[in-house]
Amino acid sequence: MAKLTDEQKAKRAAARARREALAAEEEDRRDTERREAWAREGTRLTWDEYKAGVPCRGCGEPMYDGLGSWPGLMYLTEEEKRDYEVMDERFRELHPDCKSGRWGTGGSRVRHCSLCCPPPPMGPAQIEKLTRLFQTFPSAEERKKDLDAWELILTCDHVTTFIQHRENTYVRRVVDCPECQTRRGVVESKRLGPAYTDDGVEAARSEVEQARVVAELTKAKEQLRRQQQRAAATSSRIEELQKQLSLTARDDGIA
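Residues numbered from 1 in each chain as written. Predicted model: local features only at pLDDT ≥ 70, side-chain atom pairs only at ≥ 80, totals over all residues. Heavy atoms only, no water.

**What to know about the side chain of threonine 160**
Next up, step 1: Looking at the secondary structure, you find threonine 160 in strand 4 (residues 159–165).
Next up, step 2: Discounting residues that sit within four places of it in the chain, threonine 160 has contacts with Trp150, Glu151, Leu152, Leu154 and Pro178. (Helix = DSSP H or I, 4+ residues; strand = E, 2+ residues; numbered from the N terminus. Contact = heavy atoms within 4.5 Å.)

**With respect to the side chain of glutamate 61**
Next up, step 1: Relative to the assigned elements, glutamate 61 resides in the loop between helix 2 (47–51) and helix 3 (78–94).
Next up, step 2: There is a polar contact of 3.0 Å between the side chain of glutamate 61 and the side chain of arginine 90.
Next up, step 3: Once residues lying within four places of it in the same chain are set aside, the contact partners of glutamate 61 are Pro55, Cys56, Arg90, Leu94, Val110 and His112. (Polar contact = N/O pair within 3.5 Å; in protein donor to acceptor, adjacent residues only side chain to side chain.)

**Some details on unusual backbone geometry**
Keep in mind that most residues, glycine aside, have a negative phi and that most peptide bonds are trans.
Next up, step 1: Of note, lysine 99 is a non-glycine position whose phi angle comes to about 50 degrees, a positive value.
Next up, step 2: Mapping lysine 99 onto the fold places it in the loop between helix 3 and strand 1 (102–103).
Next up, step 3: For lysine 99, a relative accessible area of 73% translates into the label exposed. (Buried < 20%, exposed > 50% of the residue type's maximum accessible area, 1.4 Å probe, protein only.)

**A look at the nonpolar core**
Next up, step 1: In this structure, Leu45, Tyr50, Cys56, Cys59, Met63, Phe91, Cys98, Trp103, Cys113, Leu115 and Cys117 together form the largest nonpolar core, which totals eleven residues.
Next up, step 2: Setting aside residues up to four positions removed in sequence, cysteine 59 forms contacts with Leu94, His95, His112 and Cys117.
Next up, step 3: In this structure, Leu152, Val171, Val175 and Val186 belong to the second largest nonpolar core, which totals nine residues. (Core = buried A, V, L, I, M, F, W, Y, C linked by side-chain atoms within 4.5 Å.)

**Some points on the packing of aromatic side chains**
Next up, step 1: Following the criterion strictly, the structure yields three aromatic pairs and no others.
Next up, step 2: Ring geometry for tryptophan 70 and tyrosine 84: centres 5.2 Å apart, planes at 80 degrees, overall edge-to-face. Linking tryptophan 70 in the loop between helix 2 and helix 3 with tyrosine 84 in helix 3, this pair joins segments that are 14 residues apart in sequence.
Next up, step 3: Its relative accessible area of 29% is what places tyrosine 84 among the partly exposed residues. (Phe/Tyr/Trp six-rings, centres within 6.5 Å; stacked < 30°, edge-to-face > 60°.)

**Describing the pattern of salt bridges**
Next up, step 1: Scanning the entire structure with this criterion turns up 24 salt bridges.
Next up, step 2: Two residues, aspartate 157 and arginine 18, come together in a salt bridge whose shortest N-O distance is 2.7 Å. On the criterion of sequence distance, the pair formed by aspartate 157 in the loop between strand 3 (147–154) and strand 4 and arginine 18 in helix 1 (residues 6–41) is long-range, its members being 139 residues apart.
Next up, step 3: On the basis of relative accessibility, which here comes to 27%, the residue arginine 18 falls in the partly exposed class.
Next up, step 4: Linking aspartate 88 and arginine 102 is a salt bridge whose minimum nitrogen-to-oxygen distance equals 2.8 Å. Here the residue aspartate 88 occupies a position in helix 3, and arginine 102 occupies one in strand 1, the gap between them amounting to 14 residues.
Next up, step 5: Note on aspartate 88: relative accessible area 17%, which makes it buried.
Next up, step 6: Here arginine 102 falls in the partly exposed class, since its relative accessible area comes to 37%.
Next up, step 7: A cluster of three or more residues bridged by salt bridges with shared partners is formed by Glu7, Lys11 and Arg230. (Salt bridge = Lys/Arg side-chain N within 4 Å of Asp/Glu carboxyl O.)

**Quick word on a nonpolar patch on the surface**
Next up, step 1: Where nonpolar side chains cluster on the molecular surface, the patch consists of Met122, Ile127, Leu130, Leu133, Phe134 and Phe137 and spans about 560 Å² of accessible area.
Next up, step 2: Relative to the helices and strands, isoleucine 127 is located in helix 4 (residues 124–135). (Patch = residues over 30% accessible without salt bridge, like charges linked within 9 Å, V, L, I, M, F, W, Y side chains within 5 Å. Areas by Shrake-Rupley, 256 points an atom, 1.4 Å probe, with all protein chains shown as cover.)

**What about the environment of arginine 230?**
Next up, step 1: Here arginine 230 shows up in helix 6 (residues 205–251).
Next up, step 2: What makes arginine 230 partly exposed here is its relative accessible area of 40%.
Next up, step 3: Side chain to side chain, arginine 230 and glutamate 7 meet in a polar contact 3.0 Å long.

**A closer look at the environment of threonine 46**
Next up, step 1: Note on placement: threonine 46 falls in the loop between helix 1 and helix 2.
Next up, step 2: In the structure, threonine 46 is positioned 61 residues away from glycine 107 in sequence and 20 Å away in space, judged by C-alpha atoms.

Now the structure itself:
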């Protein structure tokens, strides 16, 4: 098998990135539709309903069965293995086409589907804990110095800027496209630099735009260089073939 050229490798990588972005976009669309359906149909349980033992409205199974968490599979007794297999078969009967993950609550053995079963509601203690945690976060002005701007190329081929914390080395797989007014998968991402100046002022969009143009110009120049190389090779081949044709014509006595 012939070794791939750098250009062929780049094309394959770009095609793979686009396929993965489209798959992420489709998954995000499905998740959004699911959440909207839960809200529309009242599928989620309230905390009082959860505490009262109301079963999951997605599959009808208990949200919490009080049987205790499953031990590791290698530590199951023979009886537990049989119970596990029964519950596993039950899950497959309830979710034959979901093709999604499973989740369960601590201290419970019943499993729910990540596609059609909404997670249990947060209790007052969890909400209070999160509230205290949020109160420890730096202010919005303080967080600005840790934010970076990224340039994203989306599946719709639009280019947009996304801002996130500097510690995140990768952007999310799906973002809102301001031009399409819908969510799109991220095909390519590139960090542009700090989103705000040291004074907390948003970095001039002209600088971000300039960085984008410079990147596009560099890419275009490289494409032109490769095209010129191919054109020169083709031109040389044409000249060689024309010479061969002239020699053949003279040998055959053709004027």
